[in-house]
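# Observations on the three-dimensional arrangement
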Amino acid sequence: KPGPAETNGSGSGDDHRPEMLADALAGLKAPRKTLPCKWLYDVEGAALFGEITRLPEYYPTRTEIGILRGHAAEIAAHVPAHAAVVEFGSGDGEKVDVLLDALEAPSAYVPVDIAPEWVAEAASKVAVSHPDLEVLPIAADFTREFGLPDQVEAAPRLGFFPGSTIGNFTPEEAVRFLARARGTLGEDAMFVMGADLVKPRETLVAAYDDAAGVTARFNLNLLRRLNRECGADFDLDGFEHVAEWNPELKRMEMHLRARRPQSVALGGERIDFAEGETIHTENSHKYTEEDLHRLAGRAGWQVQGIWTDPARLFSVSLLGQ
Ligand code: AVJ
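Residues numbered from 1 in each chain as written. Predicted model: local features only at pLDDT ≥ 70, side-chain atom pairs only at ≥ 80, totals over all residues.

## Focus: the packing of helix α3 (residues 60-77) against helix α4 (residues 94-102)
Put simply, the test is: Axis lines are fitted through C-alpha atoms, for helices just across the contact stretch, and the angle between N-to-C directions can take any value from 0 to 180 degrees. Secondary structure elements follow DSSP: runs of H or I of four or more residues count as helices, runs of E of two or more count as strands, with numbering from the N terminus. Angle categories are assigned with fixed cut-offs, so that under 35 degrees is roughly parallel, over 145 is roughly antiparallel, 65 to 115 is roughly perpendicular, and the rest are oblique. Take the far helix as the reference: if the near one is turned anticlockwise from it by less than a right angle, the crossing is left-handed, and if turned clockwise, right-handed. Our contact criterion uses C-beta atoms placed from the backbone: two residues qualify when those atoms are within 7 Å. Gly is placed with the polar residues, together with every amino acid not listed as nonpolar (Ala, Val, Leu, Ile, Met, Phe, Trp, Tyr, Cys and Pro) or charged (Asp, Glu, Lys and Arg).
Look at α3 against α4: their axes get within 8 Å of each other, and the N-to-C directions meet at 20 degrees. With respect to each other, α3 and α4 are oriented roughly parallel. As for how α3 packs across α4, the hand of that crossing is right-handed. In this structure, α3 uses Glu 64, Ile 65, Leu 68, Arg 69, Ala 72, Ala 73, Ile 75 and Ala 76 to contact α4, whose residues at the interface are Glu 94, Lys 95, Val 98, Leu 99, Asp 101 and Ala 102. Of the residues that constitute the contact of α3 with α4, the class distribution is nine nonpolar, no polar and five charged.

Here it is, written out as structure tokens:
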């Protein structure tokens, strides 16, 4: 099946490359090298992430869908009829379908994503599965302030933020995001959020360093992308994928580690790597139920319910006022 078109580069849309190059130079010239995780998700990165979600070790996606299927009616019982569902980051339609099926006469579906192609795809899938629903896609960066279309003005709003994407934020950023979402959705809004739970290290490390090496390819795609789109000359064999549990900060960290000393050309500059030096590429924060209550409270929300799977791997929370 054809995926969404490339947002930039050869195709249409704003050129993201100057921003990506500026981010890369800033991150790689810092004393501890980093690259923002948002650049992991180009078309190839998104395809690799899709592959990750089907790996035996990567429990989050299938566990979350199981929780949603098992408890959608219970969750929906808390939500007023005719709600407009606003999805932060457009999914592939599967998760939101489960929610929409359980809600009483939802009035609208508003997928929000920075890539116009992705929102359009989410919108057309849901338009097919729910032909009576008004579908109003918005191309916007959901980590920043954005407005809802006038058509959803009157309806009660339900935010939907599945996938543990919240885990990409630090707890402070997560509080700011949740508070902003409350403002965007308005009075009496509710919010359904998926978050990965703290668990033994071995399970986490396996999920982020799978035996088939798909997560390694996903991580290394960031360097491939800098080569392809920013004219860098990273030697992909010169770096290896590292997935580490940080118990103090309760997060999985992905890094790329230089296997040997090397020097890389990027944007007219040279970036030097010592052997063993790492680039920090992604965080995936894990929460306890207690942490989730605290997080929601700090952002001005109240937890109405938290649903988990029998093994307590993953959580789906309903936040309200
Ligand atoms: C898409 C951010 C939820 O943190 O589990 C999966 C990304 N990175 N394997 C996650 C990811 C490596 C994923 N999120």
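From this point, things continue past the structure.
## Some thoughts on the UniProt feature "domain: Histidine-specific methyltransferase SAM-dependent" (unreviewed entry) in the protein
Just so we agree on the cut-off: UniProt positions are given in the numbering used here, feature names are shortened, and annotations may be inferred rather than shown by experiment.
In this numbering, the UniProt entry assigns the feature "domain: Histidine-specific methyltransferase SAM-dependent" (unreviewed entry) to residues 22-319. With 37% helix and 25% strand, the stretch residues 22-319 has end C-alpha atoms that lie 37 Å from each other.

## Comments concerning unusual backbone geometry
In this model, His 82 sits at a positive phi of 65 degrees, which is unusual for a non-glycine residue. Inspection of the secondary structure assignment puts His 82 in the loop between α3 and β1 (84-88).

## So, the site of the ligand
The test is simple: All residues are tested the same way: a C-beta atom is placed from the backbone, and lying within 6 Å of a molecule or strand makes the residue near it.
The ligand sits among Ile 52, Pro 60, Gly 163, Ser 164, Thr 165, Gly 167, Asn 168, Tyr 208, Thr 215, Glu 282 and Ser 284. Considered class by class, the residues forming the shell around the ligand number three nonpolar, seven polar and one charged.

## Remarks on helix α7 (residues 201-208)
The following threshold applies: Here a residue counts as buried when 20 or more other C-beta atoms sit within 10 Å of its C-beta, as exposed when there are 12 or fewer, and as partly exposed otherwise, the C-beta atoms being derived from the backbone. The arc in question is traced by the directions running from the helix axis to the C-beta atoms.
Within the span of α7, buried status applies to Leu 204, Ala 207 and Tyr 208. Along α7, the residues classed as buried sweep out an arc of 90 degrees about the axis, all on the same side. Residues of α7 that are buried in the fold lie against α8 (214-230), β7 (239-246) and β8 (251-258).

## A few points about the pairing of β1
Filter applied, for reference: Crossover handedness is defined here as right-handed if the route from the first strand over the helix to the second strand goes clockwise, with the strands pointing away from the viewer. Strand pairing requires that DSSP identify at least two bridges connecting the strands.
Along β1, five of the five residues are buried, which leaves the element largely enclosed by surrounding structure. Of the two faces of β1, both are covered, the one formed by Ala 84, Val 86 and Phe 88 as well as the one formed by Val 85 and Glu 87. Viewed along the sheet, the connection from β1 through α4 into strand β2 (residues 108-113) turns out right-handed. Where β1 and strand β5 (residues 157-161) come together, four bridges link them in parallel fashion.

## Notes on α4
What α4 keeps buried is the set Lys 95, Val 96, Val 98, Leu 99 and Leu 100. Buried residues along α4 sit in contact with α3, β1, β2, α5 (116-129), β5 and β6 (190-196).

## A closer look at the environment of Thr 281
Structurally, Thr 281 is set in strand β11 (residues 278-285). Given 24 C-beta atoms within 10 Å, Thr 281 falls into the buried group. Thr 281 sits 62 residues away from Asn 219 along the chain, and the two C-alpha atoms are 7.5 Å apart. Thr 281 has contacts with Leu 35, Cys 37, Leu 40, Asn 219, Leu 222, Met 254, His 255 and Leu 256, leaving out every residue within four places of it along the chain.

## A word on the packing of helix α6 (residues 171-185) against helix α9 (residues 289-298)
Pairs of packed helices are described in terms of their axes, by the angle between the two and the distance that separates them. Where α6 meets α9, the closest approach of the two axes is 8 Å, and the angle between their N-to-C directions is 50 degrees. Classified by the interaxial angle, the pair formed by α6 and α9 is oblique. For the element pair α6 and α9, the recorded crossing hand is right-handed. Contact with α6, carried on its side by Pro 171, Ala 174, Val 175 and Leu 178, involves Leu 295, Ala 296 and Arg 298 of α9 and no other residues of that element. When its residues are assigned to classes, the contact of α6 with α9 shows six nonpolar, no polar and one charged.

## Focus on the pairing of strand β9 (residues 262-266)
Two elements, β9 and strand β10 (residues 269-273), share five bridges in a ladder whose sense is antiparallel. Considered in β10, the bridge of Ser 263 is made with Asp 272. Hairpin connection of β9 to β10: two residues between the antiparallel strands, including Gly 267 at a positive phi of 55 degrees.

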